[in-house]
Amino acid sequence: MRPDLFQAPDYYQVDDLLTDEHKMVRDAAREWVKREVSPIIEDAAQKAEFPKQLIKGLADIGAFGPYIPEEYGGAGLDQISYGLIMQEIERGDSGVRSTASVQSSLVMYPIYKYGTEEQRKKYLPKLASGEYMGCFGLTEPDHGSNPGGMVTNFKDKGDHYLLNGAKMWISNAPFADVAVVWAKNEEGRIHGLIVERGMKGFTTPETHNKWSLRASATGELIFDNVKVPKENLLPNKSGLGAPLGCLDSARYGIAWGAIGAAMDCYDTALRYSKERMQFDKPIGATQLQQKKLAEMITEITKAQLLAWRLGTLRNEGKATSAQISMAKRNNVDMAINIAREARQMLGGMGITGEYPIMRHMMNLESVITYEGTHDIHLLITGMDVTGLSAFK
């Protein structure tokens, strides 16, 4: 593994828009990634293993529930700080960022927003510290882009609920201590349930043979007559809007995270273009390579401004789901295109583990699909501007 020489591009001086706290939080995450993630991530990806030793460090930099109030173990930070942490972690690896995103936006967020005070006190501090790890059960084998069609269900058995069904493509599932699971009651209404490892009939088989997010653990959630205590129901919101609210938070984090992956690819290609000699000059002195680099920094700059403005709107409580969809779609598309161009600039070296580009490119093939596919987010924007749904 080469030394991590990453230097973050800031072509439009976006740092001037950040507070001192924002920069302090970001820089702490950046230094942690350089110290703890970069030296081990290529090996972890090659072995298809999630590096569990990173969990404590993720907790220490505030990556688990950064916007959760301090009384519940969170850092009490704002939305831009949350985004910057996700940017820095994904600069290291999308799979590691996925672990933090799921823990924050898909486990801690619903417990905080939709749960009881008792549930908050029981679970959130342990999730914030990394003592507990969580996962989010929404996607099913036959219901991805249409989660409302889920068949996972629970029945009221008097002193408990009986949960049956299955979920698929679940980050953190193989090692999660708790799962926030979305299922239909007997009236067909969607509710969230907190399911704990060890409950009889609850299993989490791991998904193998992935070419993407190899340093992230993915699995299934299987529920075979699982008895769930009634106090584990999230009571404060039901319907499809409840899990979609969690996805808004996760998609927002992805919009920032993808910038980190793009930055890493750009920085790698820029440095390589100055070092790699062909025809008696560095390839960075050629028109085609400068075109690639100029377009990369332009797109990164646009994405930075988009994410910062969205973060400001989130802080003010004004951001819409459609605005979040636009940023997620744009920024991930931007990142995957930069990864592909950067890979070409490095030629054969671009496919090796000596550089991070191919790993980022493979990871982004998942990021562009999860939390709403590239095309679904396009239709969300289309519906928002026309007022007409193309989904049915």
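Residues numbered from 1 in each chain as written. Predicted model: local features only at pLDDT ≥ 70, side-chain atom pairs only at ≥ 80, totals over all residues. Heavy atoms only, no water.

Student: Requested: an account of helix α9 (residues 357-367), with residues and values cited.
Tutor: Within the sequence span of α9, burial applies to Ile 357, Arg 359, His 360, Met 361, Asn 363, Leu 364 and Val 367. Its buried side turned inward, α9 meets α1 (20-47), α3 (79-92), α4 (94-114), α6 (241-275) and α8 (321-345). (Buried < 20%, exposed > 50% of the residue type's maximum accessible area, 1.4 Å probe, protein only. Helix = DSSP H or I, 4+ residues; strand = E, 2+ residues; numbered from the N terminus. Contact = heavy atoms within 4.5 Å.)

Student: Give a detailed account of empty space enclosed by the protein, specifying residues and quantitative values.
Tutor: Summed over all chains, the structure comprises 1 cavity of 30 Å³ or more. Considered as a void within the structure, the largest cavity measures approximately 40 Å³ in volume. Every residue lining the largest cavity is listed: Ala 45, Asp 93, Trp 211, Ser 212, Leu 213, Arg 214, Ala 215, Arg 359, Met 362 and Asn 363. Counting residues per element, the lining of the largest cavity draws most heavily on α9, at 3 residues. (1 Å grid on protein atoms, 1.4 Å probe; cavity = no way out; pocket = protein on both sides within 12 Å on 5 of 7 lines; lining within 4 Å. Points joined across faces, edges and corners; volume = space filled by probe spheres on them.)

Student: Any chance you could break down the pairing of strand β3 (residues 160-171) for me, citing the residues and the numbers?
Tutor: Where strand β2 (residues 153-156) lies against β3, 4 bridges are found, and the strand directions are antiparallel. Each residue of the ladder has a partner; that of Asn 153, found in β3, is Asn 164. Taken together, β2 and the strand that follows it, β3, pair antiparallel across an intervening segment of 3 residues, in which Gly 158 is found at a positive phi of about 90 degrees. The sheet contact formed by β3 and strand β7 (residues 218-229) spans 9 bridges and is antiparallel. (Pairing = 2+ DSSP bridges.)

Student: Could you give an account of the nonpolar core, naming the residues involved and the relevant values?
Tutor: Membership of the largest hydrophobic core comes to 98 residues, with the highest contact counts inside it found for Phe 64, Ile 89, Ile 111, Leu 127, Trp 182 and Met 334. At 17 residues, α6 tops the list of elements feeding residues into this core. (Core = buried A, V, L, I, M, F, W, Y, C linked by side-chain atoms within 4.5 Å.)

Student: An account of the side chain of Ser 38 is needed here, citing residue identities and associated values.
Tutor: One can find Ser 38 in helix α1. With a relative accessible area of 7%, Ser 38 lands in the buried category. Looking at Ser 38, its side chain comes within polar contact range of the side chain of Asp 4, at 2.5 Å. (Polar contact = N/O pair within 3.5 Å; in protein donor to acceptor, adjacent residues only side chain to side chain.)

Student: Break down the UniProt feature "domain: Acyl-CoA dehydrogenase/oxidase C-terminal" (unreviewed entry) in the chain for me, with residues and values.
Tutor: As recorded in UniProt, the feature "domain: Acyl-CoA dehydrogenase/oxidase C-terminal" (unreviewed entry) lies at residues 238-383. For the annotated span residues 238-383, helix accounts for 75% and strand for 3% of the residues, and the straight-line distance between the end C-alpha atoms is 23 Å. (UniProt positions renumbered as here; feature names shortened; annotations may be inferred.)

Student: Requested: an account of the environment of Trp 169, with residues and values cited.
Tutor: Take Trp 169: it is sitting in strand β3. The contacts of Trp 169, once residues within four sequence positions are left out, are Thr 139, Thr 207, Thr 218 and Gly 219.

Student: So, the packing of α6 against α8: which residues are in play, and what are the values?
Tutor: The geometry of α6 relative to α8 is characterised by a closest axis approach of 8 Å and an angle of 20 degrees between their N-to-C directions. Accordingly, the angle class assigned to the pair α6 and α8 is roughly parallel. When the axes of α6 and α8 are compared, the crossing they make is left-handed. Per-class residue counts for the contact of α6 with α8 are 19 nonpolar, 4 polar and 3 charged. (Axes fitted to C-alpha atoms, helices over the stretch in contact; angles between N-to-C directions. Parallel < 35°, antiparallel > 145°, perpendicular 65-115°, else oblique. Left-handed = near helix turned anticlockwise from the far one by under 90°. Nonpolar A, V, L, I, M, F, W, Y, C, P; charged D, E, K, R; others polar.)

Student: With reference to specific residues and values, describe the packing of aromatic side chains.
Tutor: Scanning all chains against the criterion turns up 11 aromatic pairs. Seen in terms of ring centroids, Tyr 109 and Tyr 114 are 6.3 Å apart; in terms of plane orientation they differ by 80 degrees. Their pairing is edge-to-face. The pair formed by Tyr 109 and Tyr 114 is uniform in burial state, with each residue classed as buried. On the numbers, 5.0 Å between centres and 75 degrees between planes, the contact of Phe 154 with Tyr 161 is edge-to-face. The exposure class assigned to Phe 154 is buried, which follows from its relative accessible area of 4%. Here a set of aromatic residues connected by ring pairs shows up, and it is made of Tyr 67, Tyr 82, Tyr 109, Tyr 114, Phe 136, Trp 182 and Tyr 252. We note Arg 314 situated over the ring of Tyr 252; from NZ or CZ to the ring centre the distance is 5.1 Å. (Phe/Tyr/Trp six-rings, centres within 6.5 Å; stacked < 30°, edge-to-face > 60°. Lys NZ or Arg CZ within 6 Å of the ring centre and 35° of its normal.)

Student: Just give me the short version of the UniProt feature "domain: Acyl-CoA oxidase/dehydrogenase middle" (unreviewed entry) in the chain, but keep the residues and values in it.
Tutor: Taking the numbering used here, the UniProt-annotated feature "domain: Acyl-CoA oxidase/dehydrogenase middle" (unreviewed entry) corresponds to residues 135-226. With 0% helix and 48% strand, residues 135-226 has its two end C-alpha atoms placed 17 Å apart.

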